[in-house]
Amino acid sequence: MSGRADSGPTLVTPSLLREWRLPAPGEDKYSRGAVLVVGGARATPGAAILAGTAALRAGAGKLTLAVAASVAGQVGVAVPECGAVGMPETDGGSVTAGGVDRIASYLDKADAVLVGPGLDDPGLAGELLQALLEREESEGSGGSAGSAAVVLDAYALGALEPLEDKLGPWRGRLMLTPNPTEAGILLGRDPEDLEADVLDIANRYGAVVSCQGLIAGPGGDGQDAQLWKITTGYGGLGTSGSGDVLAGTIAGLKARGTTAAQAACWGTHLHAAAADRLASRMGPLGFLARELSDELPALMLELGT
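In this report, we go over the structure that sits alongside the text. Once a new chain begins, its residue numbering starts again from 1 and follows that chain's sequence as written. In view of the model being predicted, local features appear only for residues whose pLDDT reaches at least 70, and side-chain atom pairs are presented and counted only at 80 or more, with totals across whole chains, interfaces and linings using the full set of residues. With hydrogens and water set aside, each side-chain value is computed from the structure's full complement of heavy atoms.

A look at the sheet that holds strand β2 (residues 34-38)
Within a sheet, adjacent strands bond to each other through the backbone by hydrogen bonds, running parallel or antiparallel. Any two strands with at least two DSSP-identified bridges between them are counted as paired. We count a stretch as a helix when DSSP gives it H or I for four or more residues in a row; a strand needs E for two or more, and each element gets its number in order from the N terminus. On the basis of which strands lie adjacent, the open sheet formed by ten strands has the order β1-β10-β9-β8-β7-β6-β5-β2-β3-β4 and mixed pairing. In this open sheet, the two strands that pair with only one neighbour each are β1 (10-12) and β4 (83-87). Averaged over neighbouring strand pairs, the angle between their axes works out to 20° when direction is ignored. Only heavy atoms matter for contacts: two residues are in contact if any of them lie within 4.5 Å across the pair. Between N-to-C directions, angles cover 0 to 180 degrees, with each direction set by a line fitted to C-alpha atoms, over the stretch in contact for helices. Contacts from helix α3 (residues 69-78) reach β3 (62-68) and β4, with the element oriented near 145° to β3. The strands touched by helix α8 (residues 194-205) are β7 (174-176), β8 (207-211), β9 (214-217) and β10 (226-230); relative to β9, the strand with the most contacts, the crossing angle is about 35°.

Now the structure itself:
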């Protein structure tokens, strides 16, 4: 669905999404795609759980959560549908880059890799991103390790700007879910005009970007930059863990075989519509981020998918 930036944003409405259908469910879990979430420090394993649960609720077939080793067992019990992998950690429980080899087979099999939910140290997050990039460079671009979508959220976003000149392996399959503060970090300045700024981020990093209800796709290779705007959503989305659910929803949809832009538009709409649904039952504030994921299947069904 076209969203040419030079004509203003295309509004993401239920009618548009009904014409922009998600892939068919397929015959088994393998045909619906695999998601790997890398995050979950000892103090913040819930963020990885929220993201992974949202990915499954969005229809992904398989889920692996790579989290700090000290909490991997608990995470596996909390989300029995996942595979839980323990990552090396500091004495304080922060995930380190030393575990990239440990998750190599999951990276090779993933259709979407989400990095960030529950990481709690920006420096270590940067080292983790660099290790993931170096692994791809050392193995070349062939195979699934070089084809999975890479979705970055939270501290992984804050670590991206210093690596801008090393992003070659990820450009064209990178997806970013910043809030306005994180958008400022990616820009290296305070946001001024969010529509223009989100487009700037998309073009600068070669990524599809979802920020505050705006979705942008980069231009280049004869393609126009693209911009969409979500038309729904409640202030109740401003609650702890909401961003993890958004990132997980987008990763889950991408794993199913959508384009990056479609996953971002659908995921951002579903996230906002879930808040609307909860607000209508519970009031505009006070619903929990984990409750958003439970609304996703019914919302997709109502949109004919």
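Okay, back to it.
A word on the pattern of salt bridges
Oppositely charged side chains can pair when the atoms bearing their charge come close. Put simply, a salt bridge is a Lys or Arg side-chain nitrogen that is within 4 Å of an Asp or Glu carboxyl oxygen. Under the defined criterion, the tally for this structure stands at ten salt bridges. Measuring nitrogen to oxygen at the nearest pair gives 2.8 Å for the salt bridge that ties R135 to D108. With a gap of 27 residues between them, R135 in helix α5 (residues 122-139) and D108 in helix α4 (residues 104-109) connect regions that are remote in the sequence. Given the relative accessible area of 9%, R135 is considered buried. Throughout this description, buried means an accessible area under 20% of the type-specific maximum (1.4 Å probe, protein chains only), exposed means over 50%, and partly exposed covers the range between. Judged by relative accessible area, D108 falls into the partly exposed class, the value being 27%. With a closest N to O distance of 2.8 Å, E302 and R277 form a salt bridge. Of this pair, E302 sits in helix α11 (residues 289-302) while R277 sits in helix α10 (residues 260-282), and the two are 25 residues apart along the sequence. Here E302 falls in the partly exposed class, since its relative accessible area comes to 45%.

As for the layout of surface pockets
For each structure, a 1 Å grid was placed over the protein atoms alone; sets of points admitting a 1.4 Å probe that cannot get out are labelled cavities, open sets with protein on both sides within 12 Å along at least five of seven lines are labelled pockets, and lining residues have an atom within 4 Å of a point. Grid points are joined across faces, edges and corners, and a volume is the space filled by probe spheres set on the points. Volume-wise, the largest pocket comes out at about 590 Å³. Together, 29 residues line the largest pocket, and Q212, L237, S242, L246 and H271 are the ones closest to its centre. In terms of residue count, the dominant contributor to the lining of the largest pocket is helix α9 (residues 242-255) (four residues). Class assignment of the residues belonging to the lining of the largest pocket gives a composition of nine nonpolar, 16 polar and four charged. Its boundaries defined by the atoms lining it, the second largest pocket holds a volume of some 340 Å³. Elements with a contribution of two residues or more to the lining of the second largest pocket: α2 (45-57) and α11. A per-element tally of the lining of the second largest pocket places α2 first, with six residues. Within the lining of the second largest pocket, the residues separate by chemical class into seven nonpolar, five polar and four charged. Under the scheme applied, nonpolar residues are Ala, Val, Leu, Ile, Met, Phe, Trp, Tyr, Cys and Pro; charged residues are Asp, Glu, Lys and Arg; polar residues are all the others, including Gly.

Some details on the packing of helix α7 (residues 180-187) against α8
A packed helix pair is summarised by two numbers, namely the angle formed by the two axes and the spacing between the axes. One can describe the packing of α7 onto α8 by two numbers: an axis separation of 10 Å at closest approach and a directional angle of 50°. When the axes of α7 and α8 are compared, the pair comes out oblique. You can see that α7 and α8 cross each other, and the crossing is left-handed. In this structure, α7 contributes A183, L186 and L187 to the contact, and α8 contributes D197, D200, I201, R204 and Y205. For the contact of α7 with α8, a count of residues per class yields five nonpolar, no polar and three charged. Should an angle fall under 35 degrees it is taken as roughly parallel, and over 145 as roughly antiparallel, whereas 65 to 115 is taken as roughly perpendicular and any remaining angle as oblique. Crossing handedness follows the turn of the near helix against the far one: under a right angle anticlockwise gives a left-handed crossing, and clockwise gives a right-handed one.

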